[in-house]
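Breakdown of the fold
One letter stands for each residue in the lines below.
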Amino acid sequence: MNYGVIRRFLTILLCFGITECFCQPGTTVELTKPKQYENRTLGSEKTGDKKFTLKRRLYQGMVTHYNYYFNANNRLNDIVDRAKMGFKDDYTKLLPFYNYSLDVTAQDGDLDSVLYKCNAGILLHDLRNAWIDNMYLLMGKAYFFRKNFDSAEQVFQYINYAFAPQDKDGYRKPIGSNESGTNGVFSVSTEEDRSILQKIMSQPPSRNDALLWQAKTYVEEGKYGEAAGLLQILKSDPQFPERLLPPLHEAIAYWCYKQNIYDSAAWHLSKALDNVENREEKARREFLIAQLYLLSKNDSLAIAYYNKAAEHTIDPIMDVYANLNSINAYNDKSGNVLQEKINNLTKLAHRDRYITNRDIIYYAIAKIEVQKNDIPAAKQALHKSVAATVNNLQQKSRSFLMLADLDYDSKEFVAASNCYDSVSVSYITNEADKNRLQQRMAALKIIVQGLADIHTEDSLQAIAAMPKAAQEAVIKKMIKQLKKQQGIKDEENASPNINPAVRGNQPAATDLFATSSGAAQWYFNNNALKAQGYNTFRQQWGNRPNVDNWRRQAAVNKALASNALKTQAKADSMTAKAAGTAGELSYDVLYANLPTTPEKLKASNEKIAKALFTNAQAFQNKLEDYNPAVDTYDTLNLKYDGNSYEEEALFNLYYCYTQLVRPKQADSVKNVLNTRFAKGKFTATLQKGPAGEAGKPDAATEKYVEIYNLFVEGKFEEAKDEKAKADKIYGNSHWTPQLLFIEAIYYVSKREDSAAINRLNSLAKMYPSSPIAERATTMISVLQRRSQIESYLTQLQITRYKEDESAPIVFTTPAETVNVVKVPAKIDSVAKPVSVPVAIKVDSLKAPTFVVKKFEFIPSDPQYVSILLDKVAPVFANEAGNAFNRYNMTTYYSQRLKTTSIKLDDRYNIVLIGPFKDAAAAIDYVNKTRPITGGRILPWLTANKYSFSMISEANLSLLKETKDVDGYKQLLQTALPGQF
């Protein structure tokens, strides 16, 4: 029996059955062909012209699969693999969800080839073959990896529509309806019958895969609502194939990751661990899951997944960080637990397996030592980290940076400067760290030079103060040390010349060029002989330069004198300086540099004063570190009273105290300036401010007014940037309490409570007499109890409105008021002068009705008092409404006035108070409230940002419709001239 024939027959039969089940439901392609190809018929256009016979089915499927799909799919996989190869994880941060970047895949030119293959595979073949939907899916993926998300979305939508289930007559079944054949169960996916035979012989339909890729595309486009809806439907779909459950969990995890919902992202990602290509990617996902659990405060699961990642990974760096993070995940910060972590990490460092990664381990130990506040131990661990570095230059830079920061905080500025110089800026990825590094490197070079100058002059003065005999002994000792360090032979201790007559009794000199063996070897090719000769020469002659007359000591001294400054860091400051200024190293030269006379001592002190002043300025202006600047200015003024920098130093000291919000010390320095330098330039600047045109505010004041307006108008990011720039130029001497208060309100609205409290504390300390200071103190107390207050409020049934949403206006019975409007007897001294009209009697308001642009003023109608806010952000408009509400509750508590904030348009917001019985009652409220608004109610809002008026219900409705603010103002001016 011919088994080969039977085998081929069964294969054809199986292929026939399978292709019959999975042939496409009849897609069509519409395209406009170029003119030269108008008469050419493509394979896709012949789809309906011929019967789909077994031969045609086999041929079309085979060619589409192996000539197009296979090659295009492999090329797309290669593109992703290349992106993964070029991707490097930073295990010190939260890992990206995928180990490749779409920015990289989008730049790969092979994507064009993939798209070409997909288009050709579809257009050149019968659309009824089983691989058309797979070609479309591949096309959508290619657009996705090229970041053409709109095109990818259209392709996936087309797959969902064109390859949806059809009935026996070829009509598409409504997706999700009872007619879809799901027996009443809601389903949008395509049911798959994946028997063992079908899994072996055919590719599954791509419609269900396209739904998942559609959700991923939505996520990349930022359409999180659409993605969530689709993913939730697929998650609940009973017909969704089991093979796609891991990719579904992966897509849900990605959505949660992008939304910072870390606990859900970790759980769903743990269900997608099988959807990876290899063990290493599985370990990476386990590491990411651990990070996500750690961010969601689930330490036990984080530790478990860190241990899994360490067990599965083949990457030694991931292994180290997984073990480190597992140890650090214990949230207990007590001393015993921290010490236990250090012990475990030390054991880890002693294992041979981690010998090349000890730098990372010691760095982690240093961070824990900092938590223990054991700074010396932290520095020791960092030194070990630097010494243990093999090829990890990034970790070496991190260790040097942390060590430099610790040295800087400990005021060891020389050591800090050396460590900062050892950091490679290119390996520092955090922008804040990079900016701090560059700022401190430049400033510390100045400071270290100043400290060296101070040390030199102090050393000279200390030696000058010694007795004569002690001076002589110290100078001679320093000369010997310096000569020895420079390799110069001391002539006083040199061996005497030997008489030639006696030379015969001396041992014969070694012949350096003689060979000890029979084999001749040139001297300069023998490294051992060269080293021996070099050492013998130095013993005999010292460190001689390679110049003419090298035997003469005077010539040697002269040649070395020009290079003596290079040894300052190694030699004593006094001798190094002397060597740098003399032709030879001698007692007289060094003694001449000592400040032994009053004139020399004064010059030495002036050099120290200059160095101190320069260092203080570097701390103040370049580092903006005001505490060491204050200490340096204090040292300058206390030790060197009457120095030439005293007035400017006092002026700068006043500025530093102001920056540190220490008003008492600042006032004390100001008094000293006024007393000792009453007519000085800096004193005049402090009293009058920077010079400018008469009657015109200085540039700093104008700048901060501009910043204030930006904040009030809601241009927060621009305001923050401009304020940061202005603070670097002008400091905080031009800050106003209004600016600090509205900045704090902005931070409160962003839930950045620490920044808000910082601004409020500055306000209370810098302006204790301001009417806003008391409100700032109250707000600090409230912010510190925010969580407690919010927990209470969440249990109440309260309808909350968005900051740009108007609350409903409820017209109630007008409040009873007096019949005569009077001017208040006393106006708050803090408030700005306001033009207040004379008393208006009720009878004067019974004039005929006024009409302007359809607005009608009827004095007897109930009226609201309205505060019109001009270019004020909604968050501040709401705060204004709250301020008036607080005022009304304490001053008009019996009338129960309602306060409502509404947004009229992009420019105007209105605060409505009332309603009042009639116009006379509203005017009475305005005349009593307006004078104290700037001082008591809205002290943080400048007067040009708000204005008072009144409005009836009918006029309010018309105003909301027409937005004609000027027209309504004209009505009030006509009806009540001078009142509003």
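Everything in this summary refers to the structure shown in the same document. Remember, predicted model here, so these are calculated numbers, not experimental data.

Across its full length, the chain holds 40 helices and 8 strands. Burial analysis of the chain (980 residues in total) assigns 44% to the buried set. In the chain, of all internal contacts separated by at least 6 residues, the share reaching a separation of at least 24 is 66%.

Looking now at the nonpolar core. In terms of nonpolar packing, the biggest core is built from 145 residues, with Phe 145, Phe 287, Leu 324, Leu 345 and Ile 361 touching the most fellow members. Leave out the neighbours within four places in its chain, and Leu 324 touches Leu 345, Leu 348, Ile 360, Ile 361 and Ala 364. In terms of nonpolar packing, the next biggest core, distinct from the first, is built from 75 residues, Phe 716, Tyr 746, Ala 755 and Tyr 968 among them.

It is worth spelling out the sheet that holds strand β5 (residues 863-870) at this point. The strand order β6-β7-β5-β8 describes an open sheet built from 4 strands, whose pairing is antiparallel. Of all strands in the sheet, those bounded by a partner on one side alone are β6 (898-903) and β8 (946-951). Strand-to-strand twist of the sheet, defined as the mean angle between neighbouring strand axes without regard to direction, takes the value 25 degrees. In the packing of helix α40 (residues 965-975) onto the sheet, the strands contacted are β5, β7 (908-916) and β8, and the crossing angle to β8 comes to about 70 degrees.

Right, let's talk about the environment of Tyr 98 for a bit. Residue placement: Tyr 98 occurs in the loop between α2 (54-85) and α3 (102-105). If near-sequence neighbours (up to four positions away) are discounted, Tyr 98 is found in contact with Phe 87, Lys 216, Glu 250, Tyr 254, Arg 284 and Arg 285.

Turning next to the pairing of β6. Where a strand is regular, its side chains alternate between the two sheet faces. Here β6 pairs with β7 via 6 bridges, running antiparallel. Across the sheet, the residue bridging to Lys 898 is Gly 914, located in β7. Linking two consecutive strands that pair antiparallel, namely β6 and β7, is a turn of 4 residues.

Our focus in this paragraph is helix α17 (residues 375-388). Over its 14 residues, α17 runs 20 Å from end to end, which matches the ideal 20 Å to within 8%, given 1.5 Å per residue. Of all the residues in α17, the buried ones are Ala 377, Ala 378, Lys 379, Ala 381, Leu 382, Ser 385, Val 386 and Ala 388. If you follow the buried residues of α17, they end up packed against α16 (358-371) and α18 (393-409).

Tracing the chain through its elements places Glu 369 in helix α16. Excluding its chain neighbours within four sequence positions, the residues that come into contact with Glu 369 are Ile 342, Asp 374, Ala 377 and Ala 378.

Tallied over the full model, the rule gives 27 salt bridges. We note a salt bridge from Lys 84 to Glu 281, for which the minimum N-O separation is 2.8 Å. Taken together, the residues span a long stretch of sequence, with Lys 84 in helix α2 and Glu 281 in helix α12 (residues 279-295) at a distance of 197 residues. The same class applies to Lys 84 as to Glu 281, namely buried. Close ionic contact of Asp 209 with Arg 243 constitutes a salt bridge, the shortest N to O distance being 2.9 Å. Of this pair, Asp 209 sits in helix α8 (residues 207-221) while Arg 243 sits in the loop between α9 (224-236) and α10 (245-258), and the two are 34 residues apart along the sequence. The network of salt bridges with common partners includes Asp 405, Asp 433, Arg 436 and Arg 440.

In the contact formed by α12 and helix α13 (residues 299-312), the axes pass within 8 Å of each other and the chain directions differ by 160 degrees. In terms of orientation, α12 and α13 fall into the roughly antiparallel class. Note on packing geometry: the crossing formed by α12 with α13 is left-handed. Of the residues in α13, those in contact with Arg 279, Ala 283, Glu 286, Phe 287, Ile 289, Ala 290, Gln 291, Tyr 293 and Leu 294 of α12 are Asp 299, Leu 301, Ala 302, Tyr 305, Tyr 306, Lys 308, Ala 309, Glu 311 and His 312. A breakdown of the residues in the contact of α12 with α13 according to their chemical character gives 11 nonpolar, 2 polar and 5 charged.

Right, let's get into the side chain of His 249. As for its placement among the helices and strands, His 249 is situated in helix α10. Since its relative accessible area comes to 17%, His 249 is described here as buried. Setting aside residues up to four positions removed in sequence, His 249 forms contacts with Trp 267, His 268, Lys 271 and Ala 272.

This brings us to the pairing of β5. The buried count for β5 comes to 8 of 8 residues, which makes it a mostly enclosed element. Across the two faces of β5 the burial is the same, with Gln 863, Val 865, Ile 867 and Leu 869 and Tyr 864, Ser 866, Leu 868 and Asp 870 all buried. Here 7 bridges tie β5 to β7, and the two strands are oriented antiparallel to one another. Its bridge partner being in β7, Leu 868 is matched across the sheet by Ile 910. As judged from the 6 bridges shared by β5 and β8, these two strands associate in the antiparallel manner. When the sheet's bridge partners are listed, Val 865 is paired in β8 with Met 950.

Contact pair helix α14 (residues 316-328) / α16: the axes reach a minimum separation of 10 Å and the direction vectors enclose 20 degrees. Between α14 and α16, the angle is such that the two are roughly parallel. Once α14 is placed against α16, the crossing between them reads as right-handed. Contact residues: Ile 317, Val 320, Tyr 321, Leu 324 and Asn 328 in α14; Ile 360, Ile 361, Ala 364 and Ile 368 in α16.

Taken together, the side chains of Met 62, Tyr 66 and Phe 70 make up a nonpolar region of the molecular surface, amounting to roughly 330 Å² of accessible area. Among the secondary structure elements, Phe 70 is positioned in helix α2. Looking at Phe 70, the relative accessible area reads 41%, which means it is partly exposed.

The next point concerns a negative patch on the surface. Among the surface-exposed residues, Glu 717, Glu 718, Asp 721 and Glu 752 lie close enough to one another that they form a single negatively charged patch. On the secondary structure map, Glu 718 appears in helix α32 (residues 716-730).

Another point: the packing of aromatic side chains. A full pass over the atoms with the stated rule returns 25 aromatic pairs. Look at Phe 97 and Tyr 98: their rings are 4.9 Å apart centre to centre, the planes differ by 75 degrees, and that puts the pair in the edge-to-face class. Across the pair, exposure class does not vary: Phe 97 and Tyr 98 are buried alike. Taken together, Phe 97, Tyr 98, Tyr 100, Phe 144, Phe 145, Phe 149, Phe 156, Trp 213, Tyr 254 and Tyr 257 form an aromatic cluster joined through their ring pairs. Taking NZ or CZ as reference, Lys 308 lies 4.5 Å from the ring centre of Tyr 305, over its face. Over the aromatic face of Tyr 408 sits the side chain of Arg 440, whose NZ or CZ is 3.8 Å from the ring centroid.

Time to look at helix α27 (residues 626-639). Taking 1.5 Å of rise per residue, the 14 residues of α27 would be expected to cover 20 Å, and the 20 Å separating its terminal C-alpha atoms lies within 8% of that figure. Where α27 is buried, its residues touch α26 (598-622) and α28 (646-659).

Here we take up the environment of Ala 387. In this structure, Ala 387 sits in helix α17. With relative accessibility at 67%, the residue Ala 387 sits in the exposed group. Put simply, Ala 387 and Arg 358 are 29 residues apart on the chain and 9.4 Å apart in space, counted from C-alpha to C-alpha.

Now for unusual backbone geometry. Of note, the bond from Gly 914 into Pro 915 is cis; its omega dihedral lies within 30 degrees of zero at 5 degrees. Relative to the assigned elements, Pro 915 resides in strand β7. Even without being glycine, Lys 297 reaches a positive phi, approximately 65 degrees. Of the residues examined, Lys 297 reaches a relative accessible area of 70% and is grouped as exposed. Of note in this structure, Lys 963 is not a glycine but carries a positive phi near 60 degrees. Assignment of secondary structure puts Lys 963 in the loop between α39 (953-962) and α40.

It is worth spelling out the environment of Val 448 at this point. For Val 448, the location among the structural elements is in helix α20 (residues 431-464). Given a relative accessible area of 21%, Val 448 falls into the partly exposed group. The spatial distance from the C-alpha of Val 448 to the C-alpha of Ser 417 is 7.5 Å, given a sequence separation of 31 residues. Leave out the neighbours within four places in its chain, and Val 448 touches Phe 413, Val 414 and Ser 417.

Calculation rules
Residues numbered from 1 in each chain as written. Predicted model: local features only at pLDDT ≥ 70, side-chain atom pairs only at ≥ 80, totals over all residues. Heavy atoms only, no water. Helix = DSSP H or I, 4+ residues; strand = E, 2+ residues; numbered from the N terminus. Buried < 20%, exposed > 50% of the residue type's maximum accessible area, 1.4 Å probe, protein only. Contact = heavy atoms within 4.5 Å. Core = buried A, V, L, I, M, F, W, Y, C linked by side-chain atoms within 4.5 Å. Pairing = 2+ DSSP bridges. Axes fitted to C-alpha atoms, helices over the stretch in contact; angles between N-to-C directions. Expected span 1.5 Å × (residues − 1). Salt bridge = Lys/Arg side-chain N within 4 Å of Asp/Glu carboxyl O. Parallel < 35°, antiparallel > 145°, perpendicular 65-115°, else oblique. Left-handed = near helix turned anticlockwise from the far one by under 90°. Nonpolar A, V, L, I, M, F, W, Y, C, P; charged D, E, K, R; others polar. Patch = residues over 30% accessible without salt bridge, like charges linked within 9 Å, V, L, I, M, F, W, Y side chains within 5 Å. Areas by Shrake-Rupley, 256 points an atom, 1.4 Å probe, with all protein chains shown as cover. Lys, Arg positive; Asp, Glu negative; His and termini not counted. Charge placed at Lys NZ, Arg CZ, Asp CG, Glu CD. Phe/Tyr/Trp six-rings, centres within 6.5 Å; stacked < 30°, edge-to-face > 60°. Lys NZ or Arg CZ within 6 Å of the ring centre and 35° of its normal.

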